[in-house]
Amino acid sequence: MITIHDTTMFPPSLFAPDGATGTGQEHAGPAWDLSGEYPSVTSPDYTADMDRLRGLITQLDAMSKPIADAVPRAAGLDPAKDRAVVDACQAFAGRLVEAFTLQGNLAVYANCSSSVDGSDDAAKTARGVLQTLGAGIGAAHAAFKLVMALCPDAFFEAFLSSETTAPFRFSLTQERKLKARFLPLDVEKTLSTMSPDGLSAWGSMYNNITGTVRCQVKKPDGATDTLGLAAAASMLKKPDRALREAAWRGINAAMAEHRESFASILNSISGWRYAEAGLRSHTEKVHFLDKALHQSRIGLATLNALMDALRASRELGRRALRAQARHYGVERLGPWDILAPAPARGGAGPGIAFKDGLEVVRRAYAAVDPSMGDFVSDMAKKRRIEGRVLDRKRPGAYCTEFPASRNPFVFTTYQGALSELSTLAHELGHAYHCEVMRDIPLVEADYPMTLAETASTFGEAALGDLLAKDAADPGTVFDLAWADAQDAATFLVNIPARFEFERRFYEKRPSGPVSADGLCALTREAWEEWYGDALSDYDDYYWASKLHFHMPGVSFYNFPYSFGYLFSLGVYAKKDELGPRFHTAYVGLLRDTGRMEAEDLAAKHLGVDITKSAFWEGAIDMVRAKVERFEGLASS
Ligand SMILES: [Zn+2]
């Protein structure tokens, strides 16, 4: 229920560091003011809420007993005869919202505190404690979830008949769709008990290896740097091409050294998923894509339509790569170039002071609707933007919301670069999404990854439009176009290649573990299919170096990126089409993102059918215009 959108999770192309602007404290952003939420993690207010949360969890435990007793006969529950169970479920749901709200509130505050100061031990301890308490809520919640999934419709309707429980309709209906896949309560509990040292442990192992691995980077000047993976990976975004290649080779050597471990991790995570899917297939067969589709709130027809449109347009992504190559003066880009920034221009620009940057974002938002411009001013006035340059601050940017006050806050480090201005527009988009949902119950405000980036990408597009019209200096125009081209290559080629690799891997996995060589071969096949001849070589160890394949909680964490990118372009295209009616439609769409499936949402608010390739092709046409513009600039 806590909405944290972390740009470090998203393809770095959108947030490529700007190598060509003056940076420094003189441009730095303001400090946020969290004191309206809590004074500090060690304050009596915070401690009191922590105690209150513990009390709530004890109550939830006790309240779940009669619900757990009803689980064995859940499928036959009767709203009249089992009135006591209806009452117990309604009371439980009310308390559950309280507990989630409080847990989220405390966790968001602890997270904000440690983001600004990584050495804040009290905040780190609080985060750890809250994780355990969160697991406690989850355990107390298990019986309720089962009863709600398995009970007959009449009982379900009786449960939803109160004002507090009515908002549960959408999220629980989603769960009920999977009712044929639930396991008996003791088996569900066994699975979640075994998972920390089973499924999840493989993810931890991946993090441990990649967190400690050393990459030998033989730099162009002859010296060799020994770097951690994060530091080496950040060199892939440097303007110096030889340095990028050296970093890529250093990373790949490190991946090759640990390839057996990485292959074990991928095979074990997928093996666990297959074993679990096997258990859940007692009534209907569970497919390896089902969970990802369910989490994305889309159907297979939509995924197929999206992938068909992408496949038909992969040449467009390759054209973007070829135009970038021309600008670097090479025939083809290497795999070390896919995150490359625009080639460095002589003479750094002056950078954009925070207040000027914010004013540009405000104007971009106001151009869509005056109220959106006011929102940006308001966020600054209420001090809900953190933009300072601080030693112990964590990298990246995100937007977060306090579930109790429903106030959104934006975290970023601002030093005056153009890419940081885009990040600001992006995160303020997330904040605007929170703002328009302020009065919507939290259970109806939890939107999926596929729709999460709608408002943020929209904010970036609005900024891009304004800058393209306003920017006096051609350097800024070129940098924006470069970022557009990189997005085209990322979302039309790289993300689909990731999807294709993962799909092929899952198809092969039932006949036994796939070796490290086999994984390299599958990667090559996928890259060949999508990148074609646009690169001088393929990234054989991408399966090892890309975190997303090794995350225990989510599979196919790739197609939602291309979905989100194209979907938000589709939304943005409606701006001119609907004119003065657009803003109302846009807000209506955002408000429904947590309580509708993506197909219904798009039909209701945009009048489009996303199960058909035509919608996606329309969005790709907008990308085509951007790529053509870049080709024009790159050849001039
Ligand atoms: Zn985002």
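Basis of the calculations
Residues numbered from 1 in each chain as written. Predicted model: local features only at pLDDT ≥ 70, side-chain atom pairs only at ≥ 80, totals over all residues. Heavy atoms only, no water. Donors = N, O, S within 2.8 Å, 3.2 Å for Na, K, Ca; no water. Tetrahedral: all angles 85-135°; square planar, octahedral: opposite > 155°, others 65-115°. Helix = DSSP H or I, 4+ residues; strand = E, 2+ residues; numbered from the N terminus. Buried < 20%, exposed > 50% of the residue type's maximum accessible area, 1.4 Å probe, protein only. Core = buried A, V, L, I, M, F, W, Y, C linked by side-chain atoms within 4.5 Å. pLDDT = per-residue confidence, 0-100. Contact = heavy atoms within 4.5 Å. Salt bridge = Lys/Arg side-chain N within 4 Å of Asp/Glu carboxyl O. Pairing = 2+ DSSP bridges. Expected span 1.5 Å × (residues − 1). Bend = angle between axes of the 7 residues up to and from the residue. Phe/Tyr/Trp six-rings, centres within 6.5 Å; stacked < 30°, edge-to-face > 60°. Polar contact = N/O pair within 3.5 Å; in protein donor to acceptor, adjacent residues only side chain to side chain. Axes fitted to C-alpha atoms, helices over the stretch in contact; angles between N-to-C directions. Parallel < 35°, antiparallel > 145°, perpendicular 65-115°, else oblique. Nonpolar A, V, L, I, M, F, W, Y, C, P; charged D, E, K, R; others polar.

**Considering the coordination of the zinc ion**
Right, so step 1: Each protein donor to the zinc ion is listed here as His426 (NE2), His430 (NE2), Glu453 (OE) and Glu453 (OE); together their distances run 2.1 to 2.8 Å.
Right, so step 2: For the zinc ion, the four donor atoms are set out with angles of 50 to 138° between them, so the coordination reads as irregular.
Right, so step 3: In the primary structure, the donors to the zinc ion are separated according to the pattern H-x3-H-x22-E. Of this pair, histidine 430 sits in helix H16 (residues 418-436) while glutamate 453 is found in the loop between helix H17 (449-452) and helix H18 (454-470), placing the two residues 23 residues apart along the sequence.
Right, so step 4: Look at histidine 430 and you get buried, because its relative accessible area is 0%.

**A few points about the nonpolar core**
Right, so step 1: Counting 148 residues, the largest nonpolar core has Leu428, Trp543, Leu566, Phe567 and Trp616 as the members making the most contacts within it.
Right, so step 2: The greatest single-element share of this core, amounting to 16 residues, is contributed by helix H19 (residues 474-508).
Right, so step 3: With 59 residues, the next largest nonpolar core counts Phe92, Cys112, Ala123 and Ala140 among its residues.

**A short note on unusual backbone geometry**
Right, so step 1: We note that arginine 383 has phi near 55°; this positive angle belongs to a residue other than glycine.
Right, so step 2: Among the structural elements, arginine 383 can be located in the loop between helix H15 (370-381) and strand E4 (385-386).
Right, so step 3: Although it is not a glycine, arginine 406 sits at a positive phi angle of roughly 65°.
Right, so step 4: Residue placement: arginine 406 occurs in the loop between strand E5 (398-401) and strand E6 (408-411).

**Focus: the confidence of the model for the protein**
Right, so step 1: Scored by pLDDT, the protein comes out at a mean of 91, with 94% of its residues at no less than 70.
Right, so step 2: Ignoring residues within four places in sequence, the model shows residues 1-24, a span with pLDDT below 50, making 86 contacts including any to other chains.

**Some details on the pattern of salt bridges**
Any two side chains of opposite charge can pair, on the condition that their charged atoms come close.
Right, so step 1: Taken as a whole and judged by the stated rule, the model has 51 salt bridges.
Right, so step 2: Here aspartate 290 makes a salt bridge to arginine 181, at a shortest N to O gap of 3.0 Å. Residue aspartate 290 is found in helix H11 (residues 290-296), and its partner arginine 181 is found in the loop between helix H5 (169-176) and helix H6 (185-194); the two are separated by 109 residues along the sequence.
Right, so step 3: In this structure aspartate 290 comes out as partly exposed when scored by relative accessible area, which is 21%.
Right, so step 4: The closest approach of N and O atoms between arginine 319 and glutamate 628, which form a salt bridge, is 3.6 Å.

**Overview of the pairing of E6**
Right, so step 1: Alternating residues of E6 divide into Pro408 and Val410 and Phe409 and Phe411, and every residue in both groups is buried.
Right, so step 2: When E5 meets E6, the two strands line up antiparallel, connected through four bridges. Bridging from a neighbouring strand, tyrosine 398 pairs with phenylalanine 411 of E6.

**Quick notes on helix H1 (residues 44-70)**
Right, so step 1: Between its first and last C-alpha atoms H1 spans 40 Å; for 27 residues at 1.5 Å apiece the expected length is 39 Å, and the two agree.
Right, so step 2: Taking the largest bend as the criterion, H1 deviates by roughly 35°, centred on serine 64, and proline proline 66 comes between one and four positions later.
Right, so step 3: Taken residue by residue, H1 has Tyr46, Asp49, Met50, Leu53, Leu56, Ile57, Leu60, Met63, Ser64, Ile67 and Ala70 as its buried positions.
Right, so step 4: Looking at the buried side of H1, the elements it contacts are helix H2 (83-116) and helix H3 (121-150).

**Considering the environment of alanine 107**
Right, so step 1: Following the sequence through the fold, alanine 107 ends up in helix H2.
Right, so step 2: For the pair alanine 107 and valine 360, spaced 253 residues apart in the sequence, the C-alpha separation amounts to 33 Å.

**Examining the packing of aromatic side chains**
Right, so step 1: If you walk through the whole model with that rule in mind, you get 41 aromatic pairs.
Right, so step 2: Aromatic pair phenylalanine 478 and tryptophan 482: ring centres 6.1 Å apart, planes at 45°, arrangement tilted. Here tryptophan 482 and phenylalanine 478 lie together in helix H19, a separation of four residues that amounts to about one turn. Here the two residues phenylalanine 478 and tryptophan 482 agree in accessibility, since each one is buried.
Right, so step 3: What links up through ring pairs into an aromatic cluster is the set Tyr274, Phe288, Phe499, Phe501, Phe505, Tyr506, Phe549, Phe556 and Phe559.

**Overview of the side chain of arginine 509**
Right, so step 1: Mapping arginine 509 onto the fold places it in the loop between H19 and helix H20 (516-531).
Right, so step 2: At 3.3 Å, the side chain of arginine 509 forms a polar contact with the side chain of serine 270.
Right, so step 3: Setting aside its immediate chain neighbours within four residues, arginine 509 contacts Asn267, Ser270, Gly271 and Tyr274.

**With respect to the packing of helix H22 (residues 559-578) against helix H23 (residues 582-591)**
Right, so step 1: Contact pair H22 / H23: the axes reach a minimum separation of 9 Å and the direction vectors enclose 155°. Overall, the two elements H22 and H23 adopt an arrangement that is roughly antiparallel. Residue-level contacts link Phe567, Val571, Lys574, Lys575 and Leu578 of H22 to Phe582, Ala585, Tyr586 and Leu589 of H23.
Right, so step 2: Class assignment of the residues belonging to the contact of H22 with H23 gives a composition of seven nonpolar, no polar and two charged.

**Quick look at the packing of helix H13 (residues 314-328) against H20**
Right, so step 1: In contact at an axis separation of 9 Å, H13 and H20 are set at 85° when each is read in the N-to-C sense. The orientation of H13 with respect to H20, classified from their angle, is roughly perpendicular. In this structure, H13 uses Arg314, Arg318 and Leu321 to contact H20, whose residues at the interface are Glu528, Glu529, Trp530 and Tyr531.
Right, so step 2: Residues belonging to the contact of H13 with H20 are distributed by class as follows: three nonpolar, no polar and four charged.

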